[in-house]
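# Survey of secondary and tertiary structure
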Amino acid sequence: MEALHTNKQVHLTYYKQGQCITETGFIQFVDSLGDLFIFIDDVFELKNKMRLSALIDVRFT
């Protein structure tokens, strides 16, 4: 939540199709009731919708 409100860059590690993936970028939106968050990737600046339940770790860069 701190990264969302302060627009700080983070490293996200999440589970997708049997793999642990780490990306760098910014969290744009979080919906804890809907199990959803939107992450903007630092490399291509693409919006990625992901499930909060797939999230493994979040760290500030």
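None of these values were measured; they are calculated from a predicted model.

Here we take up the packing of aromatic side chains. Evaluation of the coordinates by the stated rule reveals zero aromatic pairs. Sitting over the face of the ring of F60, K8 holds its NZ or CZ atom 5.0 Å from the ring centroid.

The pairing of strand β1 (residues 10-16) with strand β2 (residues 19-31) spans seven bridges and is antiparallel. When the sheet's bridge partners are listed, T13 is paired in β2 with T22. Counting the residues between successive antiparallel strands, the hairpin from β1 to β2 contains two residues, one of them, Q17, with a positive phi of roughly 50°. Direction of pairing for β1 relative to strand β5 (residues 55-60): antiparallel, over a ladder of five bridges.

Moving on, we come to the environment of L4. Following the sequence through the fold, L4 ends up in helix α1 (residues 2-6). Its relative accessible area of 21% is what places L4 among the partly exposed residues. With 26 residues separating them in the primary sequence, L4 and V30 have C-alpha atoms 8.0 Å apart.

A few words now on the environment of R51. Within the secondary structure, R51 is located in the loop between β4 (47-50) and β5. Overall, the relative accessible area of 51% leaves R51 in the exposed class.

Thresholds, definitions, all that
- Residues numbered from 1 in each chain as written.
- Predicted model: local features only at pLDDT ≥ 70, side-chain atom pairs only at ≥ 80, totals over all residues.
- Heavy atoms only, no water.
- Phe/Tyr/Trp six-rings, centres within 6.5 Å; stacked < 30°, edge-to-face > 60°.
- Lys NZ or Arg CZ within 6 Å of the ring centre and 35° of its normal.
- Pairing = 2+ DSSP bridges.
- Helix = DSSP H or I, 4+ residues; strand = E, 2+ residues; numbered from the N terminus.
- Buried < 20%, exposed > 50% of the residue type's maximum accessible area, 1.4 Å probe, protein only.

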